[in-house]
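Below, each chain spelled out in residue letters.
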Amino acid sequence: NVETAFLWGSHNENQLRATLLKLPAGFSGSIKNMSPNFRAVVISGKATHQFSKKDTKNELAAGSYFGAEENATSKISTHTETVIYIRSNGDFKIK
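Please read all numbers here as calculations on a predicted model, not as lab measurements. (Residues numbered from 1 in each chain as written. Predicted model: local features only at pLDDT ≥ 70, side-chain atom pairs only at ≥ 80, totals over all residues. Heavy atoms only, no water.)

Looking now at the side chain of threonine 48. Within the secondary structure layout, threonine 48 lies in strand E5 (residues 46–50). Among the residues examined, threonine 48 registers a relative accessible area of 8% and is labelled buried. Reaching out from threonine 48, the side chain makes a polar contact with the side chain of glutamate 59 at a distance of 3.0 Å. (Helix = DSSP H or I, 4+ residues; strand = E, 2+ residues; numbered from the N terminus. Buried < 20%, exposed > 50% of the residue type's maximum accessible area, 1.4 Å probe, protein only. Polar contact = N/O pair within 3.5 Å; in protein donor to acceptor, adjacent residues only side chain to side chain.)

This paragraph deals with a nonpolar patch on the surface. A cluster of nonpolar residues, Leu7, Trp8 and Leu16, forms a patch on the protein surface that exposes about 260 Å² of accessible area. Following the sequence through the fold, tryptophan 8 ends up in strand E1 (residues 3–9). (Patch = residues over 30% accessible without salt bridge, like charges linked within 9 Å, V, L, I, M, F, W, Y side chains within 5 Å. Areas by Shrake-Rupley, 256 points an atom, 1.4 Å probe, with all protein chains shown as cover. Salt bridge = Lys/Arg side-chain N within 4 Å of Asp/Glu carboxyl O.)

A few words now on the pairing of E5. For E5, a buried count of 4 out of 5 residues is recorded, marking the element as mostly surrounded by other parts of the structure. When E5 meets strand E6 (residues 58–61), the two strands line up antiparallel, connected through 4 bridges. Paired with lysine 46 across the two strands is alanine 61, which belongs to E6. As defined by bridge partners, E5 adjoins strand E8 (residues 73–78) across 4 bridges and the pair is classed as antiparallel. Each bridged residue has a counterpart across the sheet, and for alanine 47 the counterpart in E8 is threonine 78. (Pairing = 2+ DSSP bridges.)

A few words now on unusual backbone geometry. The phi dihedral of asparagine 71 falls on the positive side, at around 70°, and the residue is not glycine. When you line up the elements, asparagine 71 lands in the loop between strand E7 (65–68) and E8.

Turning next to the sheet that holds E8. What the 5 strands build is an open sheet, ordered E6-E5-E8-E3-E10; its pairing is antiparallel. In the strand order of this sheet, the two ends are held by E6 and strand E10 (92–94), each with one partner. On average, each strand axis in the sheet is inclined to that of its neighbour by 25°, with strand direction left out of account. Judged from the 3 bridges that link them, strand E3 (residues 28–33) and E10 form a sheet pairing that is antiparallel. Its bridge partner lying in E10, lysine 32 is registered against lysine 93. (Axes fitted to C-alpha atoms, helices over the stretch in contact; angles between N-to-C directions.)

By themselves these figures say nothing about function.
In structure tokens form, the structure reads like this:
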């Protein structure tokens, strides 16, 4: 049960926008970035992040961030409820 909140910006093509994601405790999924400019900051909680099963898992506490290239998929998991701020100029999908 991921919750999202649109914060600011425009949904027009290549326009910057910001979204808050609230990931529930025990979330295990992915975020696929489809924009040329994607940045994410952990606001509260803690998440584990990796780009592929072969990449190192990174523990991200509040204040930590990651970026992603266009068409990259980030694997995300949480142990506690986690809020992530995303700034992009395109779409992303959460699975």
